[in-house]
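For reference, the chains in residue letters:
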Amino acid sequence: MAPRSSWKGYLKLSLVTCPVRLYPATSSSERITFNQLHKDTHNRINMKPVDPELGLVERSDLVKGYQYEDNQYVIIDDKDLEAVKIESSHTMNIEAFVDEDSVDVVYLDAPYYLAPDGAMAEETFIVLREALRQSGKLAIARLVLSSRERVITISARDKGMFVSVLRNPNEVRATTEYFKDIPDAAADPEMLALALQLVKQKETEFNPADYEDRYEVALMAMIKEKLKGHKPIIAEAPERGNVINLMDALKASLSQSKPPAESKPKEAAASKAKAPAKAAAAKPAAKKKA
């Protein structure tokens, strides 16, 4: 079954237009979630709309309202929303191209995949994709999602394109309020050298699969134990020793630091290779002694 798109429309560059479909690049369906139950009956609780005067009401009787003053609303219906549709409701019109590192990561919000909508769109889509890939640029466009116009970036990814929805500037907080009390001082050269050694010692290639959600794993283990009727086994966090000072902590970290996970298979292979060699060397010695 083909995945369901969350938006369909057109990707436009100047006079070139290509039908496309947008798909969410992430999913939260695998996360552990809980339902609200009554403590005695264990029946699932239904959240129903309540009017202060009428009590329980049907969802079909609900309308949208915008509060323009305290307890004063203007009613908005579907026809009103249809009337304010703009170009970005159905078209990603590329307005500019920028360097990838010019987009601050703090603005990155939701990721999507972009694919051609039908065989007729494939040739145009491939040309636009390769233009992005070979230029090494991000395309800037706009798109209406969830009744809001959002700025998006578009880049080449595998055989398709990658869309990242950007946060609005008024949603991003400035760093001043949080960093203003941090002193503008230089790091101690000796301690900085030790810290850099620690960084070097832990260098590796990033693989998201190596960083599973340990809390969720522990949560699922607890749930499975409860299903078996056992008392859940709670793993306590390891105790940390008291840090006397930063210099001692850095030195202790360097002495206790383990190599990155990717080097373990190499070490294991090396130890296996040495083991037969030792065993072979031991046999002739035993025969000579006899």
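What counts as what
- Residues numbered from 1 in each chain as written.
- Predicted model: local features only at pLDDT ≥ 70, side-chain atom pairs only at ≥ 80, totals over all residues.
- Heavy atoms only, no water.
- Helix = DSSP H or I, 4+ residues; strand = E, 2+ residues; numbered from the N terminus.
- Buried < 20%, exposed > 50% of the residue type's maximum accessible area, 1.4 Å probe, protein only.
- Contact = heavy atoms within 4.5 Å.
- Areas by Shrake-Rupley, 256 points an atom, 1.4 Å probe, with all protein chains shown as cover.
- Core = buried A, V, L, I, M, F, W, Y, C linked by side-chain atoms within 4.5 Å.
- Salt bridge = Lys/Arg side-chain N within 4 Å of Asp/Glu carboxyl O.
- Phe/Tyr/Trp six-rings, centres within 6.5 Å; stacked < 30°, edge-to-face > 60°.
- Lys NZ or Arg CZ within 6 Å of the ring centre and 35° of its normal.
- Arc of directions from axis to C-beta.
- Pairing = 2+ DSSP bridges.
- Axes fitted to C-alpha atoms, helices over the stretch in contact; angles between N-to-C directions.

Q: Just to check I follow, could you spell out the overall build of the protein for this structure?
A: Scanning the protein from N- to C-terminus turns up 7 helices and 12 strands. Looking at the protein residue by residue over its 290 residues, the buried ones come to 18%. Taking all contacts inside the protein whose residues are at least 6 apart in sequence as the whole, residues at least 24 apart take part in 61%. When the accessible surface of the protein is summed, it comes to about 24000 Å², and 54% of that surface belongs to carbon and sulfur atoms.

Q: What's the story with the nonpolar core in this structure? I'm lost.
A: One recurring pattern in soluble globular proteins: nonpolar side chains tend to sit buried together. Residues Leu 11, Leu 22, Met 92, Leu 114, Ile 152, Ile 154 and Met 161 are the most contacted members of the largest nonpolar core, which totals 22 residues. Going through the elements one at a time, strand E1 (7–13), strand E2 (16–24), strand E9 (108–116), helix H2 (122–135), strand E10 (137–145), strand E11 (148–157) and strand E12 (160–166) are the ones with two or more residues in this core. The element contributing the most residues to this core is E10, with 4 residues. In this structure Met 92 touches Trp 7, Tyr 10, Leu 11, Lys 12, Leu 22, Leu 114, Ala 141, Arg 142, Leu 143, Ile 152 and Ile 154, once residues within four positions along its chain are discounted.

Q: Sorry, what's going on with the pattern of salt bridges here?
A: Side chains carrying opposite charge are able to pair once their charged atoms draw close together. For the structure on display, the rule yields 14 salt bridges. When the shortest N-O distance is used, the salt bridge between Asp 117 and Lys 8 registers 4.0 Å. With Asp 117 in the loop between E9 and H2 and Lys 8 in strand E1, the pair connects residues that are 109 residues apart, well separated along the chain. Among the salt bridges present, the one from Glu 149 reaches Arg 142, with a minimum N-O distance of 3.8 Å.

Q: How should unusual backbone geometry be read in this particular structure?
A: Across residues other than glycine, the phi torsion is negative in most instances, and most of the peptide bonds are trans. Its identity is not glycine, yet His 42 carries a phi of approximately 60 degrees, on the positive side. Using a relative accessible area of 55% as the deciding quantity, one classes His 42 as exposed. With phi around 55 degrees, Asp 158 is a residue other than glycine that occupies positive phi space. Counting through the fold element by element, Asp 158 comes out in the loop between E11 and E12. Accessibility expressed as a relative area gives 64% for Asp 158, which makes it exposed.

Q: Explain the packing of aromatic side chains here, please?
A: Applying the stated criterion across every chain yields a total of 2 aromatic pairs. Aromatic side chains Phe 206 and Tyr 211 sit 5.7 Å apart centroid to centroid with 20 degrees between the ring planes, which places their arrangement in the stacked category. Taking relative accessible area as the criterion, Phe 206 reaches 63% and is therefore assigned exposed. We classify Tyr 211 as exposed; its relative accessible area is 54%. Here Arg 157 stacks its cationic end above the ring of Phe 162, 5.3 Å away from the centre of that ring.

Q: What's the story with the side chain of Ser 164 in this structure? I'm lost.
A: Within the secondary structure, Ser 164 sits in strand E12. Setting aside its immediate chain neighbours within four residues, Ser 164 contacts Leu 108, Asp 109, Ala 110, Val 151, Ile 152 and Thr 153.

Q: Explanation requested: helix H6 (residues 246–256) in the structure shown.
A: Residues separated by three or four positions in an α-helix point in the same direction, a consequence of the helix having 3.6 residues per turn. Listed in full, the buried residues belonging to H6 are Met 247, Leu 250 and Leu 254. Projected down its long axis, H6 carries its buried residues within an arc of 65 degrees, all on one side. Opposite its buried face, H6 presents the exposed residues Ser 255 and Gln 256, each directed more than 90 degrees away.

Q: I'm lost on the sheet that holds strand E7 (residues 91–93) in this one. Help?
A: Reading across from one edge, E7-E1-E2-E9-E12-E11-E10-E8 is the order of the 8 strands in this open sheet, with mixed pairing throughout. Each having just a single partner strand, E7 and strand E8 (96–99) make up the two edges of the open sheet. Taking the axes of each pair of neighbouring strands and ignoring which way they run, one obtains an average angle of 40 degrees across the sheet. As judged from the 3 bridges shared by E1 and E7, these two strands associate in the parallel manner. Directly across from Lys 12, in E7, lies its bridge partner Asn 93.

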